[in-house]
Amino acid sequence: MPFANFKVLEKSLTPKQKEEIVTRTTELYVELYGERARATTMVLIEEVPDGGWGISGNVLTLAMLGGEPTPTGTTEA
């Protein structure tokens, strides 16, 4: 079973963007493994709380990355 795990900053993606990640990732696995992969491909998008990750010893926040939280229920990219 193909499996992809995306960790993203909480509230940084709209539901539509998450759907696109799932769809495009599934299509990539189908391209690589053939149509048989479609039914068993699992894509997990995990939202990490703001300030809950870092790089090079520095904690990252959405504000530091120049983003703004995506309003709840927003469906447009």
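For the structure, check the block above.
Computed from a prediction, not measured in an experiment: that's the story for all the values here. Per chain, residue numbering runs from 1 following the sequence as it is written. Per-residue local features of the predicted model are confined to residues with pLDDT of at least 70, and side-chain atom pairs are confined, for both listing and counting, to 80 or more; whole-chain, interface and lining totals are unaffected and use all residues. Side-chain descriptors were evaluated using all non-hydrogen atoms of the structure, hydrogens and water having been removed beforehand.

Draft legend 1. Quick look at unusual backbone geometry. Of note, K11 is a non-glycine position whose phi angle comes to about 65 degrees, a positive value. Within the secondary structure, K11 is located in the loop between β1 (3-9) and α1 (15-33). Only protein chains enter the accessibility calculation, which uses a 1.4 Å probe. A residue is then buried if its area is under 20% of the maximum for its type, exposed if over 50%, and partly exposed in between. Look at K11 and you get partly exposed, because its relative accessible area is 43%. For S56, which is not a glycine, the phi torsion comes out positive at approximately 55 degrees. The way it works is that DSSP assigns letters per residue, a run of H or I at least four long becomes a helix, a run of E at least two long becomes a strand, and they are numbered from the N terminus.

Draft legend 2. Up close: the pairing of strand β2 (residues 42-48). Pairing between β1 and β2: seven bridges, direction parallel. Paired with N5 across the two strands is L44, which belongs to β2. Read from β1 through α1 to β2, the crossover connection turns out right-handed. Strands were regarded as paired on the criterion that DSSP finds at least two bridges between them. Looking down the strands as they point away from the viewer, one classifies a crossover as right-handed if the path from the first strand across the helix to the second runs clockwise.

Draft legend 3. Region of interest: the packing of aromatic side chains. Any two of the Phe, Tyr and Trp rings considered here, Trp counted by its six-membered ring, make a pair once their centres fall within 6.5 Å; the pair's planes then place it as stacked at under 30 degrees, edge-to-face at over 60, or tilted in between. What the rule picks out here adds up to one aromatic pair. Taking the centre distance of 6.0 Å and the plane angle of 25 degrees together, the rings of Y29 and Y33 count as stacked. Note that Y29 and Y33 are positioned in helix α1 at a spacing of four residues, about one turn of the helix. Classification of Y29 as buried rests on a relative accessible area of 18%.

What is shown is where atoms sit, not what they do.
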